[in-house]
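The primary structure of each chain is shown beneath.
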Amino acid sequence: MRCRKCGEKAAVNMRQHKLALCRDHFLEWIPEQTQRFIEKYRMFDRGDRILVAVSGGKDSLSLWDVLHRLGYHADGLYIGLGIDGGLRYSAESQRLAQQFADAHHLNLIVVDIAQQEGATIPQAAAQTHRGQVKPCSLCGLTKRHIMNRVARQGGYDVLATGHNLDDEAAVLFGNALSWSVGYLARQAPVLEASEDGFVRKAKPFCRFYERETAAYALLRGIEYIYDECPHAVGSTSIYHKEILNRMEADRPGLKLSFYLAFLEAREHGLLAPPQPQEQHALHPCPSCGQPTTNPDRCTFCRTWDQVRARLALPAPTRAQP
Ligand code: Q46
Ligand code: ZN
Ligand code: ZN
C-alpha cells in the first residue's frame with residue numbers, strides 16, 4: 001500500500017476513507033482535518049481560550065497536541081479520580097498527562113478529587129446506593145461538575161474533549177435504541193454555552209475513528225495510558241462499540257455514515273429544533289453556584305454532602321464560580 005500524496009510506503013490505511021498515507025502525511029492530515037471540523041462546526045476561534053479535558057489517554061493527549069500545533073491557546077485539565085484497580089490507573093494517567101504538559105511547556109490544571117472533596121471516587125461511590133456496583137455514575141457527575149467549574153472560574157471560552165467517532169457512534173447507538181430524544185437532541189460536535197452557566201463544549205475529534213487517533217498518538221510518539229479505566233470493563237458503551245465494530249468490519253465507513261447522517265437529520269430538525277443545553281428552568285445551586293434544575297442544591301452537592309456525612313468528613317471550603 002502506497003501513500004496517496006507521495007507514493008512512499010503507507011503507514012496508515014483508512015479503508016473507510018479509501019485513503020492510505022505515509023507517516024509524515026498522516027501526521028499532517030490529522031491536524032488539517034481537525035482544523036476543518038473546528039471551522040465546519042464553528043467550535044472556536046484563534047482568540048478563544050480553550051480548556052482541554054485531559055485523561056492521559058490517546059484521544060485527549062492527541063487533541064491537546066493537535067490544538068497546540070495548530071496555534072490555539074489550550075490549557076489542560078486533569079481530574080484525579082483516585083482509581084487504582086491494581087493498575088495505579090489514576091497515578092499513571094496523571095504522570096503521563098503531566099509529562100506531556102512539561103515536554104510541550106503547556107499549562108496543566110490538576111484537580112484532585114480526594115483533596116478537594118474528601119474522598120476518592122471509589123471511596124465515595126461505596127457510600128452511595130448506585131455506586132456500590134459501579135462508580136461510573138458518581139464519576140461522570142463529578143467530572144462534568146468539575147470541568148464546568150474550572151472552565152467558568154478560569155474564564156475559558158470553551159471546554160474541549162477528546163471524544164472520537166467510536167465514542168460518538170456508540171452513544172448515538174445507545175440513545176437510538178432507547179429513543180432518548182432529549183439526549184439525542186443534545187448530541188452534537190459543539191454545544192453552545194447557556195446563559196445559566198454551562199460553558200460551551202466542543203469535540204474536535206468527533207469524526208476521527210479511534211484507530212486514527214491511536215495511530216496519531218503512536219506515530220507522533222505521544223506516551224499515553226494504554227489501559228482503560230478498570231471500571232469501564234463490561235459497560236454498555238463498550239458492548240455497543242463491539243457491535244458497531246463488527247458491522248464496520250463488513251461495511252467500512254458504516255460508523256462514520258451512521259454519525260454523519262444523524263447530524264444531518266438533526267440539522268434538518270428531524271428530532272426537535274436545536275435546544276439549549278437544558279430545557280428546564282435552571283437556577284444557581286445555593287451551595288456551589290453551578291446551574292441546576294433541582295429545586296434546591298445540585299445533584300453534585302447533594303451526593304457529595306451525603307458521602308461526607310457518611311464518612312464523618314467536614315464540608316469543603318471553596319470559592320463559588
Ligand atoms: S466513568 Fe467509570 Fe469512566 Fe469514571 S469510573 Fe472509570 S469508567 S473513568 S469514562
Ligand atoms: Zn506521503
Ligand atoms: Zn451545587
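Notes on the structure in this doc start here. Just so we're clear, the structure is a prediction, and the values are computed from it rather than from any experiment. (Residues numbered from 1 in each chain as written. Chains lettered and ligands numbered in written order. Predicted model: local features only at pLDDT ≥ 70, side-chain atom pairs only at ≥ 80, totals over all residues. Heavy atoms only, no water.)

Remarks on the nonpolar core
Definition in use: Here the nonpolar core consists of buried residues drawn from Ala, Val, Leu, Ile, Met, Phe, Trp, Tyr and Cys, with membership extended through side-chain atoms lying within 4.5 Å. Here the term buried applies to any residue with accessible area under 20% of the maximum for its type, exposed to any over 50%, and partly exposed to those in between, with areas from a 1.4 Å probe on protein chains only. Under the scheme used here, helices are H or I runs from DSSP no shorter than 4 residues and strands are E runs no shorter than 2 residues, and both carry numbers assigned from the N terminus. Contact between two residues is taken to exist if any of their heavy atoms lie within 4.5 Å; hydrogens are not considered.
Counting residues in hydrophobic clusters, the biggest one holds 52 residues, and the most contacted among them are Phe26, Trp29, Phe44, Ile50, Val52, Trp64 and Leu67. At six residues, helix α1 (residues 23–40) tops the list of elements feeding residues into this core. Non-local contacts of valine 52, meaning those with residues more than four positions away in its chain, are made with Ser60, Leu63, Trp64, Leu67, Ala74, Asp75, Gly76, Leu77 and Ala160. Residues Ile113, Ala125, Val150 and Tyr156 belong to the second largest nonpolar core, which totals 33 residues.

Considerations on the pattern of salt bridges
How we decide: When a carboxyl oxygen of Asp or Glu lies within 4 Å of a side-chain nitrogen of Lys or Arg, that pair is called a salt bridge.
Within this structure, the stated rule accounts for 18 salt bridges. Glutamate 210 is paired through a salt bridge with lysine 58; the nearest N and O atoms lie 3.7 Å apart. Note that glutamate 210 is positioned in helix α9 (residues 210–220) and lysine 58 in helix α2 (residues 58–69), a separation of 152 residues in sequence. What makes glutamate 210 partly exposed here is its relative accessible area of 27%. For lysine 58, a relative accessible area of 13% gives the class buried. Salt bridges linked by common partners bring Glu117, Arg149, Asp296, Arg297, Asp305 and Arg308 together as one network.

Quick look at the packing of α2 against α9
The condition that has to hold: Between N-to-C directions, angles span 0 to 180 degrees; the directions come from axes that are lines fitted to C-alpha atoms, helices contributing only their stretch in contact. By the definition adopted for this analysis, an angle is roughly parallel if under 35 degrees, roughly antiparallel if over 145, roughly perpendicular if from 65 to 115, and oblique otherwise. By convention, the crossing between two helices is left-handed when the near helix turns anticlockwise from the far helix through less than a right angle, and right-handed when the turn is clockwise. Any residue outside Ala, Val, Leu, Ile, Met, Phe, Trp, Tyr, Cys, Pro, Asp, Glu, Lys and Arg is labelled polar, Gly included; the first ten of those are nonpolar and the last four are charged.
Interhelical geometry of α2 versus α9 gives an angle of 65 degrees and a closest axis separation of 9 Å. In terms of their interaxial angle, α2 and α9 are classed as roughly perpendicular. When the axes of α2 and α9 are compared, the crossing they make is left-handed. When α2 is examined against α9, the residues Lys58, Asp59, Ser62, Asp65, Val66 and Arg69 are found in contact with a partner set consisting of Glu210, Thr213, Ala214, Tyr216, Ala217 and Arg220. Residue classes in the contact of α2 with α9 are distributed as four nonpolar, two polar and six charged.

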